[in-house]
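Topology and contacts: notes
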Amino acid sequence: MTSIYPEPTRASGHSEHARPARAWVDVDLGAIRRNAERMQRTADRAIVAMVKADGYGTGAIAVAGELSGLGDRLWGFGVATLDEANALRAAGVDARILCCTPLLPGELADAKALGVRPSLHRDADIDAWQAMQGGAWHLAIDTGMSRAGVRWDEVDALRPALARSVPEGVFTHFHSAERNDGSREEQDARFDDALATLRDALPNGVLEHRDNSAGIASRTALRQTHTASGSPGALARPGIGLYGAFVAETLGLEQTVHLRARVVDIRHVRDGETVSYGGTYTAHGVRRIATIAAGHGDGYRQAFSGKGHVLLHGVPVPVAGIVSMDMTMLDVTDARCEIGDVATLIGRDGAGCFSTDDVARAGGISPYELLVGLALRAPRIHFGGST
Ligand SMILES: *Cc1c(COP(=O)(O)O)cnc(C)c1O
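My aim in this report is to walk through the structure given alongside it, one point at a time. These numbers come from a predicted model, not from an experiment.

In this section: the overall build of the chain. From N to C terminus, the chain includes 13 helices and 20 strands. Taken over C-alpha atoms, the radius of gyration comes to 23 Å for the chain, in line with the 21 Å a tight globule of 387 residues would show. Here the chain holds 387 residues, and 53% of them are scored as buried. Within the chain, contacts between residues separated by at least 24 positions form 69% of all contacts whose residues are at least 6 apart in sequence. Carbon and sulfur atoms form 50% of the exposed surface of the chain, whose accessible area is close to 16400 Å². Separation between the mean location of the 40 positive side-chain charges and that of the 47 negative ones in the chain comes to 3 Å.

Right, dumping it as C-alpha coordinates:
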(Lines give C-alpha, C1' and ligand atoms only; values in the text may rest on other atoms or scores of the structure.)
Protein backbone atom coordinates (compact mmCIF):
# COMPACT_ATOMS: atom_id res chain seq x y z
CA MET A 1 0.00 0.00 0.00
CA THR A 2 1.38 3.39 -0.86
CA SER A 3 0.77 6.50 1.11
CA ILE A 4 1.44 10.16 0.57
CA TYR A 5 2.37 11.16 4.12
CA PRO A 6 5.68 9.34 4.41
CA GLU A 7 7.43 11.59 6.90
CA PRO A 8 6.90 9.54 10.09
CA THR A 9 8.10 6.27 8.65
CA ARG A 10 11.04 7.97 7.00
CA ALA A 11 12.03 9.73 10.17
CA SER A 12 11.77 6.65 12.35
CA GLY A 13 13.22 4.33 9.78
CA HIS A 14 10.33 1.87 10.07
CA SER A 15 8.41 0.49 7.15
CA GLU A 16 4.75 1.18 6.55
CA HIS A 17 4.06 -2.24 8.07
CA ALA A 18 5.41 -1.09 11.41
CA ARG A 19 2.40 1.18 11.74
CA PRO A 20 -0.47 0.00 13.89
CA ALA A 21 -3.09 -1.75 11.84
CA ARG A 22 -6.12 0.37 12.57
CA ALA A 23 -5.75 3.85 13.99
CA TRP A 24 -2.94 5.90 15.42
CA VAL A 25 -1.71 9.43 16.04
CA ASP A 26 1.52 10.57 14.42
CA VAL A 27 3.06 13.09 16.83
CA ASP A 28 5.74 15.31 15.31
CA LEU A 29 8.19 16.00 18.13
CA GLY A 30 10.30 18.21 15.92
CA ALA A 31 7.29 20.44 15.29
CA ILE A 32 6.59 20.61 19.03
CA ARG A 33 10.20 21.59 19.66
CA ARG A 34 10.14 24.27 16.95
CA ASN A 35 6.84 25.61 18.31
CA ALA A 36 8.40 25.77 21.78
CA GLU A 37 11.44 27.58 20.41
CA ARG A 38 9.26 30.06 18.56
CA MET A 39 7.10 30.76 21.62
CA GLN A 40 10.18 31.08 23.79
CA ARG A 41 11.67 33.62 21.37
CA THR A 42 8.40 35.56 21.22
CA ALA A 43 8.07 35.57 25.02
CA ASP A 44 11.78 36.34 25.26
CA ARG A 45 11.73 34.52 28.60
CA ALA A 46 12.54 31.00 29.75
CA ILE A 47 9.43 28.85 29.53
CA VAL A 48 7.53 26.56 31.83
CA ALA A 49 6.37 24.07 29.18
CA MET A 50 2.90 22.88 30.16
CA VAL A 51 2.69 19.10 29.71
CA LYS A 52 -0.46 18.43 31.76
CA ALA A 53 -3.14 16.02 30.54
CA ASP A 54 -0.39 13.86 29.03
CA GLY A 55 1.08 16.72 27.06
CA TYR A 56 -2.35 17.86 25.81
CA GLY A 57 -2.87 14.35 24.49
CA THR A 58 0.44 14.11 22.64
CA GLY A 59 2.47 12.16 25.23
CA ALA A 60 4.05 14.12 28.09
CA ILE A 61 7.12 11.94 28.51
CA ALA A 62 8.13 12.12 24.86
CA VAL A 63 7.47 15.87 24.81
CA ALA A 64 9.46 16.44 27.99
CA GLY A 65 12.38 14.47 26.57
CA GLU A 66 12.32 16.48 23.37
CA LEU A 67 12.00 19.88 25.06
CA SER A 68 14.85 19.15 27.44
CA GLY A 69 16.99 20.03 24.42
CA LEU A 70 16.06 23.69 24.91
CA GLY A 71 18.62 23.94 27.70
CA ASP A 72 18.24 27.02 29.87
CA ARG A 73 15.52 28.44 27.58
CA LEU A 74 13.37 25.85 29.39
CA TRP A 75 12.87 26.64 33.07
CA GLY A 76 10.87 23.46 33.68
CA PHE A 77 7.58 21.69 33.13
CA GLY A 78 4.06 22.48 34.30
CA VAL A 79 1.61 19.80 35.42
CA ALA A 80 -1.84 19.69 37.00
CA THR A 81 -1.52 16.64 39.23
CA LEU A 82 1.10 14.77 41.21
CA ASP A 83 0.39 11.64 39.18
CA GLU A 84 1.53 13.56 36.13
CA ALA A 85 4.66 14.65 37.98
CA ASN A 86 5.25 11.09 39.15
CA ALA A 87 5.07 9.78 35.57
CA LEU A 88 7.68 12.32 34.48
CA ARG A 89 10.00 11.51 37.39
CA ALA A 90 9.60 7.76 36.77
CA ALA A 91 10.67 8.37 33.17
CA GLY A 92 13.82 10.08 34.41
CA VAL A 93 12.78 13.71 33.95
CA ASP A 94 14.77 15.60 36.59
CA ALA A 95 13.88 19.12 35.45
CA ARG A 96 11.91 21.53 37.64
CA ILE A 97 8.21 20.71 37.83
CA LEU A 98 5.57 23.24 38.82
CA CYS A 99 2.13 21.96 39.79
CA CYS A 100 -0.31 24.66 38.70
CA THR A 101 -3.44 23.49 40.52
CA PRO A 102 -4.11 23.83 44.26
CA LEU A 103 -3.01 20.67 46.06
CA LEU A 104 -4.97 19.24 48.94
CA PRO A 105 -3.20 19.47 52.29
CA GLY A 106 -2.72 15.69 52.27
CA GLU A 107 -0.80 15.88 48.98
CA LEU A 108 2.00 18.16 50.14
CA ALA A 109 4.21 15.34 51.41
CA ASP A 110 4.00 13.61 48.03
CA ALA A 111 4.80 16.88 46.28
CA LYS A 112 7.94 17.19 48.38
CA ALA A 113 8.93 13.57 47.74
CA LEU A 114 8.63 14.18 43.98
CA GLY A 115 10.54 17.43 44.11
CA VAL A 116 7.51 19.29 42.79
CA ARG A 117 7.01 23.00 43.31
CA PRO A 118 3.45 23.45 44.51
CA SER A 119 1.26 26.50 43.83
CA LEU A 120 0.16 27.70 47.25
CA HIS A 121 -1.96 30.56 48.51
CA ARG A 122 -3.57 29.51 51.84
CA ASP A 123 -1.50 30.46 54.84
CA ALA A 124 -2.06 27.07 56.50
CA ASP A 125 -0.61 25.32 53.43
CA ILE A 126 2.32 27.73 53.23
CA ASP A 127 3.07 27.03 56.90
CA ALA A 128 2.67 23.26 56.46
CA TRP A 129 5.04 23.33 53.46
CA GLN A 130 7.52 25.37 55.46
CA ALA A 131 7.24 23.03 58.46
CA MET A 132 8.05 20.01 56.30
CA GLN A 133 10.86 21.95 54.60
CA GLY A 134 9.18 21.28 51.28
CA GLY A 135 11.44 23.61 49.31
CA ALA A 136 10.61 26.03 46.53
CA TRP A 137 6.98 26.97 45.95
CA HIS A 138 5.02 29.49 43.91
CA LEU A 139 2.37 31.91 45.09
CA ALA A 140 -0.80 31.79 42.97
CA ILE A 141 -2.71 35.06 42.63
CA ASP A 142 -6.24 35.17 41.22
CA THR A 143 -6.74 38.29 39.11
CA GLY A 144 -10.11 37.42 37.62
CA MET A 145 -10.12 33.77 36.61
CA SER A 146 -11.85 32.93 39.91
CA ARG A 147 -10.41 29.44 39.91
CA ALA A 148 -7.35 29.22 42.14
CA GLY A 149 -5.06 31.44 44.15
CA VAL A 150 -5.45 34.36 46.52
CA ARG A 151 -7.51 37.31 45.28
CA TRP A 152 -5.29 40.12 44.03
CA ASP A 153 -6.95 42.54 46.45
CA GLU A 154 -6.49 40.25 49.46
CA VAL A 155 -2.79 39.46 49.19
CA ASP A 156 -2.01 41.69 52.17
CA ALA A 157 -3.43 39.03 54.48
CA LEU A 158 -0.62 36.68 53.42
CA ARG A 159 2.14 38.90 54.78
CA PRO A 160 2.64 36.94 58.04
CA ALA A 161 2.89 33.62 56.17
CA LEU A 162 5.24 35.17 53.60
CA ALA A 163 7.44 36.43 56.42
CA ARG A 164 7.89 32.81 57.49
CA SER A 165 8.37 31.31 54.01
CA VAL A 166 9.20 33.25 50.86
CA PRO A 167 8.12 31.87 47.50
CA GLU A 168 10.44 31.21 44.58
CA GLY A 169 7.81 32.45 42.16
CA VAL A 170 4.54 34.35 41.95
CA PHE A 171 2.05 34.03 39.13
CA THR A 172 -1.38 34.67 37.77
CA HIS A 173 -3.42 33.25 34.89
CA PHE A 174 -5.42 34.99 32.13
CA HIS A 175 -8.95 34.01 31.20
CA SER A 176 -9.20 35.46 27.67
CA ALA A 177 -5.94 37.03 26.58
CA GLU A 178 -6.77 35.98 23.01
CA ARG A 179 -9.74 38.32 22.84
CA ASN A 180 -7.85 41.57 22.82
CA ASP A 181 -10.78 43.20 24.63
CA GLY A 182 -8.87 44.73 27.54
CA SER A 183 -9.39 41.86 29.97
CA ARG A 184 -5.74 40.88 29.86
CA GLU A 185 -4.70 44.46 30.54
CA GLU A 186 -7.08 44.56 33.51
CA GLN A 187 -5.64 41.31 34.89
CA ASP A 188 -2.11 42.64 34.27
CA ALA A 189 -2.95 45.76 36.29
CA ARG A 190 -4.43 43.72 39.15
CA PHE A 191 -1.36 41.51 39.22
CA ASP A 192 0.91 44.58 39.21
CA ASP A 193 -1.11 45.97 42.13
CA ALA A 194 -0.73 42.73 44.08
CA LEU A 195 3.03 42.69 43.40
CA ALA A 196 3.32 46.29 44.55
CA THR A 197 1.42 45.48 47.73
CA LEU A 198 3.78 42.58 48.43
CA ARG A 199 6.95 44.28 47.22
CA ASP A 200 8.69 44.21 50.60
CA ALA A 201 7.34 40.72 51.41
CA LEU A 202 8.71 39.03 48.28
CA PRO A 203 12.39 38.30 47.74
CA ASN A 204 14.42 40.21 45.16
CA GLY A 205 14.45 38.18 41.99
CA VAL A 206 11.21 36.37 42.75
CA LEU A 207 10.19 34.62 39.54
CA GLU A 208 7.14 36.42 38.27
CA HIS A 209 5.10 34.80 35.51
CA ARG A 210 1.73 35.30 33.88
CA ASP A 211 1.62 34.54 30.15
CA ASN A 212 -0.07 31.39 28.85
CA SER A 213 -0.07 30.81 25.07
CA ALA A 214 -2.72 33.44 24.45
CA GLY A 215 -0.87 35.87 26.71
CA ILE A 216 2.31 35.42 24.68
CA ALA A 217 0.40 35.86 21.43
CA SER A 218 -1.49 38.88 22.72
CA ARG A 219 1.70 40.85 23.22
CA THR A 220 3.06 40.33 19.72
CA ALA A 221 0.90 43.15 18.29
CA LEU A 222 2.05 45.47 21.07
CA ARG A 223 5.67 44.93 20.20
CA GLN A 224 5.31 46.90 16.97
CA THR A 225 4.58 50.10 18.91
CA HIS A 226 6.10 49.69 22.37
CA THR A 227 9.68 49.38 23.42
CA ALA A 228 8.82 46.63 25.89
CA SER A 229 9.31 43.22 24.34
CA GLY A 230 8.18 39.77 25.15
CA SER A 231 6.33 38.57 28.22
CA PRO A 232 6.49 40.49 31.48
CA GLY A 233 8.30 38.92 34.39
CA ALA A 234 10.82 36.13 34.37
CA LEU A 235 8.97 33.21 32.79
CA ALA A 236 6.09 32.35 30.46
CA ARG A 237 3.89 29.24 30.62
CA PRO A 238 2.87 28.16 27.11
CA GLY A 239 0.65 25.12 26.75
CA ILE A 240 -1.57 24.67 23.73
CA GLY A 241 0.68 26.65 21.42
CA LEU A 242 3.43 24.06 21.86
CA TYR A 243 1.05 21.56 20.33
CA GLY A 244 0.28 23.83 17.39
CA ALA A 245 -3.24 25.04 18.15
CA PHE A 246 -5.30 28.01 19.36
CA VAL A 247 -2.59 30.62 18.71
CA ALA A 248 -1.13 28.77 15.72
CA GLU A 249 -2.21 31.38 13.20
CA THR A 250 -1.02 34.37 15.26
CA LEU A 251 2.37 32.87 15.99
CA GLY A 252 2.93 30.81 12.84
CA LEU A 253 3.08 27.50 14.69
CA GLU A 254 3.28 24.08 13.07
CA GLN A 255 0.72 21.28 13.07
CA THR A 256 2.03 18.60 15.45
CA VAL A 257 -0.58 15.82 15.45
CA HIS A 258 -1.97 13.67 12.68
CA LEU A 259 -4.83 11.30 13.55
CA ARG A 260 -4.95 8.41 11.06
CA ALA A 261 -7.32 5.50 10.64
CA ARG A 262 -7.54 2.76 8.08
CA VAL A 263 -10.49 1.92 5.90
CA VAL A 264 -11.79 -1.41 7.24
CA ASP A 265 -14.99 -1.81 5.22
CA ILE A 266 -16.65 -0.45 2.09
CA ARG A 267 -20.26 -0.89 0.90
CA HIS A 268 -22.78 0.53 -1.51
CA VAL A 269 -25.84 2.08 0.08
CA ARG A 270 -28.95 2.44 -2.03
CA ASP A 271 -31.19 5.41 -2.59
CA GLY A 272 -33.12 6.24 0.59
CA GLU A 273 -31.06 4.04 2.90
CA THR A 274 -29.42 5.56 5.95
CA VAL A 275 -25.98 5.37 7.56
CA SER A 276 -25.05 5.10 11.26
CA TYR A 277 -26.92 5.76 14.51
CA GLY A 278 -30.00 7.84 14.30
CA GLY A 279 -30.20 7.37 10.56
CA THR A 280 -29.25 11.00 10.08
CA TYR A 281 -27.52 10.42 6.74
CA THR A 282 -29.77 9.37 3.88
CA ALA A 283 -28.31 8.28 0.54
CA HIS A 284 -29.53 10.17 -2.50
CA GLY A 285 -28.94 7.66 -5.25
CA VAL A 286 -26.40 4.90 -4.77
CA ARG A 287 -23.53 6.04 -2.54
CA ARG A 288 -20.25 4.31 -1.75
CA ILE A 289 -19.61 4.36 1.97
CA ALA A 290 -16.27 3.55 3.60
CA THR A 291 -15.87 2.68 7.28
CA ILE A 292 -12.69 3.82 9.03
CA ALA A 293 -11.42 2.34 12.29
CA ALA A 294 -11.67 5.42 14.52
CA GLY A 295 -14.45 7.23 16.27
CA HIS A 296 -15.13 9.21 19.38
CA GLY A 297 -13.35 6.47 21.35
CA ASP A 298 -10.22 7.78 19.64
CA GLY A 299 -11.00 11.42 20.20
CA TYR A 300 -12.76 12.02 16.87
CA ARG A 301 -15.77 13.71 18.37
CA GLN A 302 -19.46 13.23 17.62
CA ALA A 303 -19.48 16.96 16.88
CA PHE A 304 -17.99 16.07 13.48
CA SER A 305 -20.97 13.88 12.58
CA GLY A 306 -22.27 14.77 9.16
CA LYS A 307 -20.15 17.92 8.88
CA GLY A 308 -16.51 16.93 9.24
CA HIS A 309 -14.22 16.07 6.38
CA VAL A 310 -11.24 13.73 6.45
CA LEU A 311 -8.38 13.41 3.99
CA LEU A 312 -8.07 10.34 1.80
CA HIS A 313 -5.07 10.34 -0.54
CA GLY A 314 -4.74 14.01 0.31
CA VAL A 315 -8.30 14.82 -0.84
CA PRO A 316 -11.17 15.85 1.49
CA VAL A 317 -14.09 13.42 1.76
CA PRO A 318 -17.19 14.05 3.90
CA VAL A 319 -18.16 12.22 7.08
CA ALA A 320 -21.44 10.38 6.49
CA GLY A 321 -23.74 10.27 9.50
CA ILE A 322 -22.99 10.09 13.19
CA VAL A 323 -19.44 9.36 14.39
CA SER A 324 -19.67 6.21 16.51
CA MET A 325 -17.28 5.09 19.21
CA ASP A 326 -15.05 2.83 17.14
CA MET A 327 -15.91 3.63 13.55
CA THR A 328 -16.70 6.60 11.33
CA MET A 329 -18.29 6.37 7.91
CA LEU A 330 -17.19 8.42 4.91
CA ASP A 331 -18.93 9.10 1.62
CA VAL A 332 -16.27 7.99 -0.85
CA THR A 333 -18.54 7.84 -3.90
CA ASP A 334 -16.28 10.29 -5.73
CA ALA A 335 -12.99 9.28 -4.12
CA ARG A 336 -10.32 6.67 -4.68
CA CYS A 337 -10.68 4.25 -1.76
CA GLU A 338 -9.75 0.66 -0.97
CA ILE A 339 -9.71 -1.48 2.15
CA GLY A 340 -6.54 -0.70 4.09
CA ASP A 341 -6.22 2.88 2.81
CA VAL A 342 -5.34 5.43 5.46
CA ALA A 343 -7.61 8.34 6.21
CA THR A 344 -6.30 11.42 8.02
CA LEU A 345 -8.91 12.83 10.40
CA ILE A 346 -6.70 15.58 11.82
CA GLY A 347 -3.48 16.85 10.31
CA ARG A 348 -1.62 16.59 7.05
CA ASP A 349 -1.86 14.10 4.22
CA GLY A 350 0.14 15.04 1.14
CA ALA A 351 -0.90 18.52 0.04
CA GLY A 352 -4.00 18.49 2.25
CA CYS A 353 -4.03 19.59 5.86
CA PHE A 354 -6.85 19.94 8.37
CA SER A 355 -5.18 21.68 11.29
CA THR A 356 -6.29 21.00 14.85
CA ASP A 357 -7.91 24.44 14.82
CA ASP A 358 -9.68 23.79 11.48
CA VAL A 359 -11.13 20.54 12.76
CA ALA A 360 -12.18 22.00 16.12
CA ARG A 361 -13.81 24.94 14.38
CA ALA A 362 -15.69 22.66 11.98
CA GLY A 363 -17.20 20.84 14.96
CA GLY A 364 -17.69 23.94 17.08
CA ILE A 365 -15.54 22.42 19.84
CA SER A 366 -12.50 23.53 21.80
CA PRO A 367 -9.10 22.69 20.28
CA TYR A 368 -8.01 21.85 23.85
CA GLU A 369 -10.64 19.11 24.07
CA LEU A 370 -9.81 17.86 20.61
CA LEU A 371 -6.14 17.49 21.50
CA VAL A 372 -6.56 15.80 24.88
CA GLY A 373 -8.97 13.29 23.31
CA LEU A 374 -6.08 11.96 21.23
CA ALA A 375 -4.79 10.21 24.34
CA LEU A 376 -7.91 8.06 24.63
CA ARG A 377 -7.14 4.94 22.61
CA ALA A 378 -5.15 5.34 19.42
CA PRO A 379 -1.45 4.71 20.04
CA ARG A 380 0.77 7.74 19.58
CA ILE A 381 3.71 7.30 17.27
CA HIS A 382 6.38 9.90 18.00
CA PHE A 383 8.65 10.94 15.19
CA GLY A 384 10.92 13.80 14.18
CA GLY A 385 12.58 14.09 17.58
CA SER A 386 16.19 15.03 17.94
CA THR A 387 17.25 11.86 19.74
C1 LIG B 1 -2.92 25.17 31.39
C2 LIG B 1 -2.21 26.32 31.97
C3 LIG B 1 -1.32 27.06 31.20
C4 LIG B 1 -1.16 26.88 29.71
O5 LIG B 1 -2.29 27.45 29.05
P6 LIG B 1 -2.46 27.40 27.48
O7 LIG B 1 -3.68 28.16 27.22
O8 LIG B 1 -2.61 25.97 27.10
O9 LIG B 1 -1.22 28.00 26.91
C10 LIG B 1 -0.58 28.05 31.83
N11 LIG B 1 -0.75 28.28 33.16
C12 LIG B 1 -1.63 27.61 33.92
C13 LIG B 1 -1.77 27.95 35.34
C14 LIG B 1 -2.40 26.61 33.34
O15 LIG B 1 -3.28 25.94 34.10
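With that out of the way, let us pick up the site of the ligand. The local shell around the ligand holds 13 residues, among which Lys52, Tyr56, Ser213, Arg237 and Tyr368 are the closest. Within the side chain of His173, a nitrogen or oxygen atom sits 3.3 Å from a nitrogen atom of the ligand. In the model, an oxygen atom of the ligand is placed 2.9 Å from a nitrogen or oxygen of the Gly239 main chain. Computed on the free molecule, the ligand has an accessible area of 390 Å², of which 93% lies beneath the protein chains in the complex. Taken together, the residues of the shell around the ligand sort by class into six nonpolar, four polar and three charged.

It is worth spelling out the side chain of Asp331 at this point. Residue placement: Asp331 occurs in strand E17 (residues 328-331). Taking relative accessible area as the criterion, Asp331 reaches 10% and is therefore assigned buried. For Asp331, the side chain forms a polar contact with the side chain of Arg287, separated by 3.0 Å. Of the polar contacts made by the side chain of Asp331, one reaches the side chain of Thr333; its length is 2.5 Å. Ignoring anything within four residues of it in the chain, the contact list for Asp331 reads Tyr281, Arg287, Arg288, Ile289, Val317, Pro318 and Ala320.

Our focus in this paragraph is the pairing of strand E4 (residues 96-102). Relative to E4, strand E3 (residues 74-79) runs parallel, the two sharing four bridges. Residue Phe77 lies in a different strand from E4, and its bridge partner there is Ile97. Between the parallel elements E3 and E4, the chain passes through helix H5 (residues 82-90) in a crossover that is right-handed. Two strands pair when backbone bridges link them, and E4 and strand E5 (residues 116-120) are joined in this way by four bridges, in the parallel orientation.

Rules used throughout
- Residues numbered from 1 in each chain as written.
- Predicted model: local features only at pLDDT ≥ 70, side-chain atom pairs only at ≥ 80, totals over all residues.
- Heavy atoms only, no water.
- Helix = DSSP H or I, 4+ residues; strand = E, 2+ residues; numbered from the N terminus.
- Rg over C-alpha atoms; globule rule 2.2 N^0.38 Å.
- Buried < 20%, exposed > 50% of the residue type's maximum accessible area, 1.4 Å probe, protein only.
- Contact = heavy atoms within 4.5 Å.
- Areas by Shrake-Rupley, 256 points an atom, 1.4 Å probe, with all protein chains shown as cover.
- Lys, Arg positive; Asp, Glu negative; His and termini not counted.
- Charge placed at Lys NZ, Arg CZ, Asp CG, Glu CD.
- Near = heavy atom within 4 Å.
- Polar contact = N/O pair within 3.5 Å; in protein donor to acceptor, adjacent residues only side chain to side chain.
- Nonpolar A, V, L, I, M, F, W, Y, C, P; charged D, E, K, R; others polar.
- Pairing = 2+ DSSP bridges.
- Right-handed = clockwise from strand over helix to strand, strands pointing away.

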